[in-house]
Amino acid sequence: MSKENQLIHSFPKNTLEEIRVSVNVFRGRQYIDIRTFYKGDDGEYHPSKKGVTLSPELLPDLEEAVRKLAETFQE
């Protein structure tokens, strides 16, 4: 188990925000974090309160939800 936070993927939400998917470690346990980051006055991205943190055990449920979303938009 990695003891460091790891960015997995990020993509722009709009010109001032991006979505980051990462694996974060808190109290020795890994978590999935999907969070909106905003561009501050300093030009750097900062985490917002908009996001969700999930236990890795919920990854299969998240994968199924994303698969169903994709199917909905393919119709």
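Our structure's up above, just so we're on the same page.
Owing to the predicted nature of the structure, the values given are computational and were not obtained by experimental measurement.

## Brief notes about the pairing of strand β3 (residues 29-39)
One face of the sheet, then the other: side chains in a regular strand alternate in exactly this way.
Stage number 1. As paired elements, strand β2 (residues 17-26) and β3 share 10 bridges and run antiparallel to each other. Paired with glutamate 18 across the bridge in β3 is phenylalanine 37.
Stage number 2. The turn linking β2 back onto β3 is made up of two residues, and arginine 27 within it adopts a positive phi angle of 50°.
Stage number 3. Here β3 pairs with strand β4 (residues 45-54) via seven bridges, running antiparallel. Opposite phenylalanine 37, over in β4, you have proline 47 as the bridge partner.

## Focus: the environment of lysine 49
Stage number 1. Relative to the elements of secondary structure, lysine 49 occurs in strand β4.
Stage number 2. For lysine 49, a relative accessible area of 84% puts it in the exposed group.
Stage number 3. For the pair lysine 49 and arginine 20, spaced 29 residues apart in sequence, the C-alpha to C-alpha distance is 13 Å.

Conventions we followed
- Throughout this description, residue numbers start from 1 for each chain and increase along the sequence as written.
- Predicted model: local features are reported for residues with pLDDT of at least 70 only, side-chain atom pairs are reported and counted for 80 or more only, and whole-chain, interface and lining totals are derived from all residues.
- Where side-chain values are given, they derive from all heavy atoms of the structure, hydrogens and water being excluded.
- DSSP-based pairing: two strands are paired if at least 2 bridges between them are found.
- What counts as a helix is a DSSP run of H or I of at least four residues, what counts as a strand is a run of E of at least two, and both are numbered from the N terminus.
- The buried label goes to any residue with under 20% of its type's maximum accessible area, the exposed label to any with over 50%, and the partly exposed label to all in between, with areas taken from a 1.4 Å probe on protein chains only.

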